[in-house]
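Listed below, chain by chain, are the residues.
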Amino acid sequence: MQKTKNLFVRSLHELKNPRCLVVTALFIALNVTLDLLRIRIQLTPDLRIGIGFVLNASIGMLFGPTVGIMAGFSTDVLGYLVNSGGGAYFPGYTLTAMLGGLIYGLWLYPRKPGRLRALGAKTCVNLFCNIGLNTVWASMTGGKALMVLLPARALKNLILLPFEVVLLYVVTNLVLKLYERAGLSTASEA
């Protein structure tokens, strides 16, 4: 089979591999479970890092942006079904999760995740997804003015960014080593 240069097509072809489906499903299930159990890294009483993002980033790193988008969609919808507590579903957050999967796939696939790639990926996710879109969604669903929410959300994401980048770098490199040690190959090696 000829190796295509189009990142999205190459990522789409990953879905033909049962390993992609199994690993992606496992990471989605872990992400939803971590969220359900509220497992986070607590830095201060007001600042915490949810660690599920490293699983989404790992999916994007291993299988690319197309699979990352699909995993973002699945993680958000399944997370809502499991964790909603009867609250209303809002599709904006699903869009944000899909964009996050896209960003991780574009920055990390199919290369080894270096420090600059981890910094670029997490900075883009924090800027466009967390500060940008999620602030708009929170304003729409919470009834607060966008400019009231924006400064606090921007400051929080700026403070958390260095910790999240280190966590992203360490975990994605560990996932890649474990994946390769298990005798599995990434698309860049296929």
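Conventions we followed
- Residues numbered from 1 in each chain as written.
- Predicted model: local features only at pLDDT ≥ 70, side-chain atom pairs only at ≥ 80, totals over all residues.
- Heavy atoms only, no water.
- Helix = DSSP H or I, 4+ residues; strand = E, 2+ residues; numbered from the N terminus.
- Phe/Tyr/Trp six-rings, centres within 6.5 Å; stacked < 30°, edge-to-face > 60°.
- Buried < 20%, exposed > 50% of the residue type's maximum accessible area, 1.4 Å probe, protein only.
- Axes fitted to C-alpha atoms, helices over the stretch in contact; angles between N-to-C directions.
- Parallel < 35°, antiparallel > 145°, perpendicular 65-115°, else oblique.
- Left-handed = near helix turned anticlockwise from the far one by under 90°.
- Contact = heavy atoms within 4.5 Å.
- Nonpolar A, V, L, I, M, F, W, Y, C, P; charged D, E, K, R; others polar.
- Salt bridge = Lys/Arg side-chain N within 4 Å of Asp/Glu carboxyl O.
- 1 Å grid on protein atoms, 1.4 Å probe; cavity = no way out; pocket = protein on both sides within 12 Å on 5 of 7 lines; lining within 4 Å.
- Points joined across faces, edges and corners; volume = space filled by probe spheres on them.
- Polar contact = N/O pair within 3.5 Å; in protein donor to acceptor, adjacent residues only side chain to side chain.

K.L.:
Got a minute to help me understand the environment of L174 in this structure?
P.N.:
Relative to the assigned elements, L174 resides in helix 7 (residues 146–181). Considering only alpha carbons, one finds L174 and I69, 105 residues apart in sequence, at a separation of 22 Å.

K.L.:
What should I look at first to understand the packing of aromatic side chains in this one?
P.N.:
In this description, an aromatic ring pair is defined by two values, namely the gap between the centres and the angle between the planes. With the rule as written, the count across this model stands at 4 aromatic pairs. Judged by centre distance (5.6 Å) and plane angle (65°), the rings of F90 and W137 are edge-to-face. Taken together, the residues span a long stretch of sequence, with F90 in the loop between helix 4 (65–83) and helix 5 (91–108) and W137 in helix 6 (residues 115–142) at a distance of 47 residues. Residue classification places F90 among the partly exposed positions, given a relative accessible area of 22%. Three or more aromatic residues link up through ring pairs in this structure, and these residues are F90, Y93 and W137.

K.L.:
What am I meant to see in helix 3 (residues 53–63) here?
P.N.:
It helps to recall that an α-helix has 3.6 residues per turn; residues three or four apart then point in one direction. For helix 3, a buried count of 11 out of 11 residues is recorded, marking the element as mostly surrounded by other parts of the structure. For helix 3, the full list of buried residues reads F53, V54, L55, N56, A57, S58, I59, G60, M61, L62 and F63.

K.L.:
Would you explain the packing of helix 2 (residues 18–36) against helix 3 in this entry?
P.N.:
In a packed pair of helices, the relevant descriptors are the angle between the two axes and the axis-to-axis distance. As a packed pair, helix 2 and helix 3 sit with axes 9 Å apart at the nearest point and diverge in direction by 170°. As far as their axial angle goes, helix 3 and helix 2 are roughly antiparallel. Classified by chirality, the crossing of helix 3 by helix 2 is left-handed. Mapping the contact onto sequence places R19, C20, V23, T24, F27, I28, L30, N31 and L34 in helix 2 and L55, N56, S58, I59, L62 and F63 in helix 3. A breakdown of the residues in the contact of helix 2 with helix 3 according to their chemical character gives 10 nonpolar, 4 polar and 1 charged.

K.L.:
Would you take a moment to explain the pattern of salt bridges for this structure?
P.N.:
Opposite charge on two side chains permits pairing when their charged atoms draw close. Taken as a whole and assessed by the stated rule, the structure comprises 2 salt bridges. The salt bridge involving D35 is made with R40; its shortest N-O contact spans 3.6 Å. Overall, the relative accessible area of 35% leaves D35 in the partly exposed class. As a salt-bridge pair, E164 and K122 come within 3.9 Å of each other at their nearest N and O atoms. Highlighted residues: E164 in helix 7 and K122 in helix 6, separated in sequence by 42 residues.

K.L.:
Please explain the layout of surface pockets as it appears in this structure.
P.N.:
Gaps left between atoms show up when a probe the size of a water molecule is rolled over them. Estimates place the volume of the largest pocket at around 1600 Å³. What lines the largest pocket is a set of 41 residues, and nearest its centre among them are D35, R40, D76, N130 and N134. Among the secondary structure elements, those contributing two or more residues to the lining of the largest pocket are helix 2, strand 2 (48–50), helix 3, helix 4, helix 5, helix 6 and helix 7. When grouped by side-chain class, the residues that make up the lining of the largest pocket number 18 nonpolar, 14 polar and 9 charged.

K.L.:
Even after reading the chapter, I still don't get the side chain of T24, so can you show me in this structure?
P.N.:
Looking at where T24 falls in the secondary structure, it is placed in helix 2. A relative accessible area of 9% means that T24 is categorised as buried. A polar contact is formed between the side chain of T24 and the backbone oxygen of C20, at a distance of 2.7 Å. What T24 contacts, discounting residues up to four positions off in sequence, is I59, F63, V67 and A71.

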